[in-house]
Amino acid sequence: MLSELRTSKLSPHRYYELYMRAFDELRMLEIFFKDESRHGVTVVDLYELVQHAGNILPRLYLLCTVGSVYMKSKEVPAKEILKDLVEMCRGVQHPLRGLFLRNYLAQVSRDILLDINSECEGDADTVMEAVEFVLQNFTEMNKLWVRIQLQGPARLREKQEKERSELRDLVGKNLHVLSQIEGVDLEMYKQTVLPRVLEQVVNCKDELSQYYLMDCIIQVFPDEYHLQTLETLLGVCPQLQATVDIRMVLSQLMDRLSNYAVSNADVIPEFLHVEAFAKLSNAIGKVIEAQVDMPIVGAITLYVSLLSFTLRVHPDRLDYVDQILGACVKKLSSQPKLEDTRATKQIVVLLSAPLEKYNDIVTALTLSNYPRVMDHLDNATNKVMAMVIIQSIMKNNSCISTADKVDVLFELIKGLIKDLEEVTVDELDEEDFKEEQNSVARLLHMLHNDDPVEMLEIICAVKKHILCGGPNRLPFTVPPLIFSALNLIRRLQNQNGDVVEEMHATPKKIFQILNQLIEALSSVPAPELALRLYLECAEAANDCDLEPVAYEFFTQAFIIYEEDISDSKAQVTAIHLIIGTLQRMNVFGIENRDTLTHKATGYSAKLLKKPDQCRAVYACSHLFWVDDPEGIKDGERVLLCLKRALRIANAAQQMATVTRGSSGPVTLFVEILNKYLYYFEKGNQQITTAAIQGLIELITTELQSDLPSAGPSSDAFFTSTLRYIQFQKQKGGVMGERYDSIKV
C-alpha cells in the first residue's frame, strides 16, 4: 500500500482517499512497532532497519512511523529525531507525494511536540526548536503545494486550482499546531513566528496560497497578538498579488478585532494606544494605491469594512467616520457618477451604517463628507438613499431643530425634493412618486424647535427648498409646511389670546409666508387644495384677531372658487367649506362680514343642481345665527334663507314632475324641516309653530300623493323627525310647552 502512494496518476482527491487508507494501516503498524520493542527488538534497530527499504517514499513513511515510536520511548531527545526526519523528507520533491508525506510527519509529531511543550516549561531553547521544526515543515509544504499548479497542461489550470484548493488544509494544519504550542508567547510570535510565516506568504507569489495563509494567520492566532503586530501584518497586504482578494482578508481581520473589542471593553485603550484605526486606514490606502486595477467596488467594500470596524470599536469618534467618508470621496472623484451597480449598493451600505449605529440623523448631518459621497450616486440610488434617511428619521423619531441642519438634510435628500438633471417627473412611476412625496411630507413634521425665532428660520429654509420642487411636488409638500407654520402662529399666542411679538417671529410675517406658499400652489394648479388652505389660514388669522389678513385670505378663496373651480361636485364641496369656515369667524366687522356672507349666499344659489342649491342656501342660514353669547343672531335673515331654500326645493319637485312624470323625493323638505326645528329650539322668534306645522303638512301631502317615488329613505327620515317632535312634547318642560301646539 505504501508503494501505491508513489503513483502520479491519481487526482489530489483520489490520492487523499488512498493516503487515508494508508494512514490507518500505518497507525496499526505503529502499534506493532511498540509491541516489538517489548519483545526484545529495540527501537534503534527498527529505526535502522526501515532505512533499508528499497524505495524512498515507503522508506520515509516507515521512518516517520518508527521515528514517532522512537521519540515517545524517550531513549533519545525528540528534537534530534525531528531534525533528522524533516531533513530526510526533502528527498521527495514530487509536489503531491511530498505534500502528503510531510503532512504525515506533521501528524505523527503533533502530539510529541505538544508533550515537549508541556514537559519543558520555561525551556526556551526546546520550545524554539519545536517551533523551528514546524516552521520548516510548513515552508516546505507550502512550496510543494504551490508547485502543484505547474503540473499538467495549461488548459486544465482551472481544474487543478480547484483540486489544489481541496488540499489547502494540509498546509494550514502547521499554523494550527504553532498556535497551540504554549511557549509561543507574544514576543516569540512577534520576533520569529509571524515574520517567518509572512516571508513565505510573500515569497510564494501564488494567489491561492497567499489568500489562504493570510486567512489562516487571522483565524488561528489570538486577537491580542493581531492587535500588537498589526503594523507587521498590514505591511504585507500591499505586497500580495493583485489578484488576491485583499478585501476579504482585511475584512476578516477587522471583524476579528472589532469582535474582540466588543466582547471585552477593557481592551479599547489598547486599540487607541497602538493606533489601530490609523494603521488600518493607512494600510487600506496603500493597498488601493498598489492595486491600480482594483475595481471601484473593491475599494468601497474596504471602506465599508473599515467603517464597520470604527463604528463598533470607536463609536464616539465621528472624526474617524468622516475621515473614512472623505477617503471614499477621494477615490470616487475620478468619476462623477457611479455606473457599477455593485459599487452603488456598497455606497448605500456605507451611508446607511452611521444611521443604523447612531439612530439619529442629526449625528450624520455633522459629517461634512456625507453629502459629498451621496453626490456620486446615480439619480435612482440617490433617491433610494434619501428614502433610507427619511425612514431612519421616522423610525427613531429624530427631531431636526436648526435651519442649518435642515439645509444639510435637504441637500442629502435633494433627489426627492427636486428634479435632478436628465430626469423628468413624467418618466417616474406615479405610485413610486406619490410614496416618495408622502415620505417628504411626513418628514416636514419632524422639523421642530420650541424657540419661535428658530422655528421661523426652519420654515423659511424648508420653503426655499420645496418651492424649487416643481409643480408636481407642491401639492404634497406645501400643506405640511403650512400646518407647521399655523402651529407656530398658535404657539405665539399666550393664554389670554394676545399675540406675543417675539423679535421677527410675528404672525403677520408668517401669514405673508403662508400667502406666498399658497400662491405657488395655486399656479400648479391645485385650486381645491389651495382653497382649503386659504380657509385654514383665515381661521388662524381670526384667532390672532387680524381682520385684514383674514379678509384677504377669504378674498383669495373666493377668487379661486370663481376662476378655477368649474366641476360641479368640487363647487358644492368648496361652498360648504367656505360657509362652515365663515360661520366660525368672529373677527369681521359688520361691513366685511356682510360682503363675505352676501358672496357665499350668492354662490350657493348659483350651483348647477337644484338640490345642491337648496342645501347650500339653507346652510347659509347658519351665517346669520351663531350659537355663541356674543355671536350674531339675525332671525329674519335666517328665515329668509330657509324660505329661499324651500322655494328651490319646490322648484326641484316641479322639475322632477316635468321630467319624470311624478314628484321627486321629499328629502329636501325633510332636511329644511329639521333646520326649522333647530332654530325653533335655539329661540329664533321668526320660526313659528305655524311655519313648522305647514311644512309637516306639505311633506305629508307629498308623501301621500306619490308614495312609490318618495323612496324609503325619505319616509324613514320624516318618520324619525316626527318621532323626535313627539319625544320633545312628551318630555315636558319649557321645550315641551313650545312643541305642544305642533300636531303630528
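All values reported here derive from a predicted model rather than from experimental measurement.

Peer 1: Give a description of the domain arrangement of the protein chain that names residues and reports values.
Peer 2: Under the domain assignment used here, the protein chain contains domain 1 (1-221), domain 2 (237-359) and domain 3 (378-524). Distance from the C-alpha centre of domain 1 to the C-alpha centre of domain 2: 38 Å. In this complex, domain 1 contributes 13 residues to the contact, which on the side of domain 2 involves twelve residues. Area buried by domain 1 at its contact with domain 2 is led by Glu-207, Tyr-211 and Ile-218, which between them contribute 48% of it. Applying the counting criterion to the domain 1 and domain 2 interface returns zero salt bridges. Counting only elements with at least two residues in the side of domain 1 that touches domain 2, the list comes to helix H9 (186-204) and helix H10 (207-220). Considering every element that reaches the side of domain 1 that touches domain 2, the biggest residue donor is H10, with eight residues. When grouped by side-chain class, the residues that make up the side of domain 1 that touches domain 2 number seven nonpolar, two polar and four charged.

Peer 1: Tell me about a negative patch on the surface, residues and numbers included.
Peer 2: On the surface, Asp-404, Asp-450, Asp-451 and Glu-457 cluster together to form a negatively charged patch. Among the secondary structure elements, Asp-450 is positioned in the loop between helix H24 (430-444) and helix H25 (452-466). According to the relative accessible area criterion, Asp-450 is exposed, its value standing at 64%.

Peer 1: Describe in detail the layout of surface pockets, supporting the description with residues and values.
Peer 2: Roughly 380 Å³ of volume is contained in the second largest pocket. As for the second largest pocket, its lining consists of 15 residues, and the residues nearest its centre are Met-585, Asn-586, Glu-630, Gly-631 and Ile-632. When the residues that make up the lining of the second largest pocket are grouped by side-chain class, the tally is five nonpolar, four polar and six charged.

Peer 1: Outline the nonpolar core, listing residues and values.
Peer 2: Counting 260 residues, the largest nonpolar core has Ile-217, Tyr-370, Ile-389 and Leu-409 as the members making the most contacts within it. A per-element tally of this core places helix H16 (residues 296-313) first, with twelve residues. Excluding residues within four positions of it along the chain, Ile-217 makes contact with Leu-175, Tyr-189, Leu-194, Val-197, Leu-198, Val-201, His-226 and Leu-233.

Peer 1: Kindly report on the environment of Leu-456, identifying the contributing residues and their values.
Peer 2: Locating Leu-456 in the fold gives a position in helix H25. Considering only alpha carbons, one finds Leu-456 and Thr-402, 54 residues apart in sequence, at a separation of 9.9 Å.

Peer 1: Help me get a handle on the packing of helix H8 (residues 168-180) against H10, residues and values and all.
Peer 2: At a minimum axis separation of 10 Å, H8 and H10 run at an interaxial angle of 30°. With respect to H10, the element H8 is oriented roughly parallel. As H8 runs across H10, the sense of the crossing is right-handed. On H10, the residues touching Arg-168, Asp-169, Val-171, Gly-172, Leu-175, His-176 and Ser-179 of H8 are Tyr-212, Leu-213, Cys-216, Ile-217 and Val-220.

Peer 1: Lay out the packing of aromatic side chains in plain terms, naming residues and giving numbers.
Peer 2: This structure, assessed with the given rule, holds 24 aromatic pairs. Judged by centre distance (6.0 Å) and plane angle (45°), the ring pair of Tyr-534 and Phe-553 falls under tilted. Highlighted residues: Tyr-534 in helix H28 (residues 527-543) and Phe-553 in helix H29 (residues 547-564), separated in sequence by 19 residues. Per residue, the accessibility class of Tyr-534 equals that of Phe-553, and both read buried. Where Phe-680 meets Tyr-739, the ring centres are 5.2 Å apart and the plane angle is 85°; that geometry is what we call edge-to-face. Placement of Phe-680 in helix H34 (residues 667-682) and of Tyr-739 in helix H38 (residues 733-739) is noted, with a sequence separation of 59 residues between them. Accessibility expressed as a relative area gives 3% for Phe-680, which makes it buried. Taking NZ or CZ as reference, Arg-317 lies 4.2 Å from the ring centre of Tyr-320, over its face.

Peer 1: Outline the environment of His-465, listing residues and values.
Peer 2: In this structure, His-465 sits in helix H25. Using a relative accessible area of 16% as the deciding quantity, one classes His-465 as buried. For His-465 and Lys-414, which are 51 residues apart along the polypeptide, the C-alpha to C-alpha distance reads 8.7 Å. Once residues within four sequence positions are removed from consideration, His-465 is found in contact with Asp-407, Phe-410 and Ile-417.

Peer 1: Got a sec to walk through the side chain of Asn-515? Specific residues and values, please.
Peer 2: Take Asn-515: it is sitting in helix H27 (residues 507-522). Take Asn-515: its relative accessible area is 18%, and that puts it in the buried class.

Peer 1: Can you tell me about the packing of helix H17 (residues 318-332) against helix H18 (residues 341-358), naming the residues and giving the values?
Peer 2: Direction vectors running N to C along H17 and H18 enclose 170°, while the axes themselves pass 12 Å from each other. Put simply, H17 runs roughly antiparallel to H18. Here H17 contributes Leu-318, Val-321, Leu-325, Cys-328 and Leu-332 to the contact with H18, which in turn contributes Ile-347, Leu-350, Leu-351, Pro-354 and Tyr-358.

Rules and cut-offs
- Residues numbered from 1 in each chain as written.
- Predicted model: local features only at pLDDT ≥ 70, side-chain atom pairs only at ≥ 80, totals over all residues.
- Heavy atoms only, no water.
- Domains from an automatic or database assignment.
- Contact = heavy atoms within 4.5 Å.
- Buried area = accessible area lost by both parts, 1.4 Å probe.
- Salt bridge = Lys/Arg side-chain N within 4 Å of Asp/Glu carboxyl O.
- Helix = DSSP H or I, 4+ residues; strand = E, 2+ residues; numbered from the N terminus.
- Nonpolar A, V, L, I, M, F, W, Y, C, P; charged D, E, K, R; others polar.
- Patch = residues over 30% accessible without salt bridge, like charges linked within 9 Å, V, L, I, M, F, W, Y side chains within 5 Å.
- Areas by Shrake-Rupley, 256 points an atom, 1.4 Å probe, with all protein chains shown as cover.
- Lys, Arg positive; Asp, Glu negative; His and termini not counted.
- Charge placed at Lys NZ, Arg CZ, Asp CG, Glu CD.
- Buried < 20%, exposed > 50% of the residue type's maximum accessible area, 1.4 Å probe, protein only.
- 1 Å grid on protein atoms, 1.4 Å probe; cavity = no way out; pocket = protein on both sides within 12 Å on 5 of 7 lines; lining within 4 Å.
- Points joined across faces, edges and corners; volume = space filled by probe spheres on them.
- Core = buried A, V, L, I, M, F, W, Y, C linked by side-chain atoms within 4.5 Å.
- Axes fitted to C-alpha atoms, helices over the stretch in contact; angles between N-to-C directions.
- Parallel < 35°, antiparallel > 145°, perpendicular 65-115°, else oblique.
- Left-handed = near helix turned anticlockwise from the far one by under 90°.
- Phe/Tyr/Trp six-rings, centres within 6.5 Å; stacked < 30°, edge-to-face > 60°.
- Lys NZ or Arg CZ within 6 Å of the ring centre and 35° of its normal.

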